[in-house]
2 protein chains.
Amino acid sequence: MTTIKDVAKQANVSVATVSRVLNQKGYVSKESEEAVKKAIKILNYQPNAVARSLYHKTSGIIGLFVPDISNPFFPELARAVEDAATAEGFTVVLCNTDNKQDKEQKYIQVLQQKYADGLIIVTGTESVEHILSTHIPVVALDRYISEDIPTVVSSNKQGAIDATEHLVEQGCTFIAHLRGPIGVTSADERYEGFKQVIEKHSIAHVVIDSGFEIGQSEMATRKLLEMYPSIDGIFASSDVTAAGAMRAAYKCHKSIPTDIKVIGFDGISLGEMLTPALSTVQQPIYDMGERATKLLMTMIEKKELQSYRHEFKTKLTIRETSVGGE
Amino acid sequence: MTTIKDVAKQANVSVATVSRVLNQKGYVSKESEEAVKKAIKILNYQPNAVARSLYHKTSGIIGLFVPDISNPFFPELARAVEDAATAEGFTVVLCNTDNKQDKEQKYIQVLQQKYADGLIIVTGTESVEHILSTHIPVVALDRYISEDIPTVVSSNKQGAIDATEHLVEQGCTFIAHLRGPIGVTSADERYEGFKQVIEKHSIAHVVIDSGFEIGQSEMATRKLLEMYPSIDGIFASSDVTAAGAMRAAYKCHKSIPTDIKVIGFDGISLGEMLTPALSTVQQPIYDMGERATKLLMTMIEKKELQSYRHEFKTKLTIRETSVGGE
DNA sequence: CTGAAAGCGCTTACAG
DNA sequence: CTGAAAGCGCTTACAG
């Protein structure tokens, strides 16, 4: 590869002045500038990012921590993050943590050694102090981690209220809630919303932990439907678990939406691929990923943050699983 | 951050000997080694990857080029790549190209400036010469790009043959093929396989280009079903387009598998989330991603490759959309 | 076995 | 306006 030295030689100036025109910093005469630019063109020179990195102690790299990119919620987020990062000249490193602390820590170590500039965390993390001790800027996405970490979330509770009210309006009289893992804040908040509406209308209901995976949720729903054949509405804590519920209904020969109405949460594109198409509470996934990335950028620039909590409104999206069918 | 100098001072040796114990290279006395190790522990020293990178002209970074990580086929591949890369101490940078040449080139430039060690390409690319001109090792995954680039694919044609034969065995008499974009080798090969079986049995059929996206495929299928109401079998070139076909059938009040049998291709987890569960031709996605990564690693080590073409067998996976229903 | 020195490719005070 | 020099944090001939 051609280096700054080659350019300097070609342009008949010192490397310092090449550097000056590269960075548009310091005084350079018109003639020198021209000569350097010409040399750069001739040699097709591109500055070495690693050398720059060594001097500046920054890398233009951000780490994106997700539990598992194959879970369909994360790719849409990842896409947004990557778009926003690229737009600002940053590069994103994908980190699948499986929610394992040792993996997280390994990634953090590697990224720190590479002068990573920031981290976006979409994982429940046990390594809060460890992360903060690196002094790398961090933002939490779709998860609350700690007071000290800027957070981008959606209105989980209100979304759950909307979903449950909708089921009630559709005439459901016995509603099951497939809740996400206890301790995951978003799952807890969705459960809160559900409970509030149920209590307000005093509707028969049942709650079960269905994890975040489809297999688990299908099994859980199946059990539920066998125990309580009169269940006529299901509010799932995620679209993936809603898909599991739909499978279970199918296996139990219940038809959707005729016998059972179903609504999910997230608004991932999976919902539109299902038949019938899944009603859901739409999080503005792309916007959230974009916002998180932009927040991170402003932290990297060491600017003040307006706010440490960014909550996006969810939107009730009625498709086919929750309406009609008589 | 603490540097090698700090360690040297702490251990009362020169930075050279610290470097030697770090890299386990060259002679170091037992005593010096002990002292250095102790100092490293005390100071919690971690070598600076950027400085190493500058000297070695390598970075431990590989770029993963996909059209769009939100398309559900790619996350499963990305997961495999990331796992295999991490296992070898590499880090993966996610690059969404949208199949746009300018984006590809931008990423290539940035990665080259960072001393990226290798590229895995899961995109139809127009930049072959540009890529090769960087001299960065490359492998093509699920796509054939050029003779000069090692390729990991599955047996697309045989898979398509199996799928079509299966539909015939199930008694389909008028089969539609939703083919992928012309010019994408995997789509072309799948079409070849379909055609071969159809001709062998001289079965009524129709072929339409359905792209790789669900919306397009739903629309295409709908038109098809309106024009040819006697279609009773659909072989889709991907699981995503199969999902679109299922949606279309639903809209046209055709029941699956009773009225129409459907089979997809890919074997992504989406298939199991659908109701009824999608029959498909399973590619060993994870294994393919892993293989591609390992090939890349051996290229990075400048070892000889056994072979430039790695073809994985597909597996016919019968679930619910293609059998029974009478 | 060990250290001083040069070098990887940049950037930026500093002196002129 | 410009260049020589030091420095970012490592590694590795080279000399001893």
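Structure: above.
Below, the structure is looked at part by part. Computed from a predicted structure; not experimentally measured. (Residues numbered from 1 in each chain as written. Chains lettered and ligands numbered in written order. Predicted model: local features only at pLDDT ≥ 70, side-chain atom pairs only at ≥ 80, totals over all residues. Heavy atoms only, no water.)

### Some remarks on the protein's contact with DNA strand D
Residues in close proximity to DNA strand D total 28 residues, the closest being T17(A), R20(A), S32(A), K57(A) and I4(B). Atoms of DNA strand D within 4 Å of the protein belong to the sugar or the phosphate in 69% of instances, the rest to bases. One of the side-chain nitrogen or oxygen atoms of R20(A) is found 2.3 Å away from a base oxygen of DNA strand D. For DNA strand D, a phosphate oxygen lies 2.8 Å from a polar atom in the side chain of R52(B). Elements with a contribution of two residues or more to the surface near DNA strand D: α2 (15-23) and α4 (49-56) of chain A together with α2 (15-23) and α4 (49-56) of chain B. Class assignment of the residues belonging to the surface near DNA strand D gives a composition of 13 nonpolar, 10 polar and five charged. (Near = heavy atom within 4 Å. Polar contact = N/O pair within 3.5 Å; in protein donor to acceptor, adjacent residues only side chain to side chain. Helix = DSSP H or I, 4+ residues; strand = E, 2+ residues; numbered from the N terminus. Nonpolar A, V, L, I, M, F, W, Y, C, P; charged D, E, K, R; others polar.)

### Notes on the relation of the copies chain B and chain A
Two chain copies, one operation linking them: a rotation about an axis together with a shift along it. By a simple turn and slide, chain B fits onto chain A: the slide is 0.0 Å along the axis, the RMSD is 0.0 Å, and the turn is 180°. Given the turn and translation reported, the copies of this chain are related as if by a two-fold rotation axis. Across chain B, the rotation axis passes nearest the C-alpha of V93(B), at a separation of 2.2 Å. A shared binding surface is used by both copies, with 100% of the interface residues of chain B retained as interface residues in chain A. (Least-squares fit on C-alpha atoms with pLDDT ≥ 70 in both. Contact = heavy atoms within 4.5 Å.)

### What to know about the protein's contact with DNA strand C
Around DNA strand C, a shell composed of 29 residues is seen, among which I4(A), T17(B), R20(B), S32(B) and K57(B) lie nearest. Sugar and phosphate atoms form 69% of the subset of DNA strand C atoms that lie within 4 Å of the protein. Separating a phosphate oxygen of DNA strand C from a side-chain N or O atom of Y45(A) is a distance of 2.7 Å. Going through the elements one at a time, α2 and α4 of chain A together with α2 and α4 of chain B are the ones with two or more residues in the surface near DNA strand C. It is α4(A) that contributes the most residues to the surface near DNA strand C, five residues altogether.

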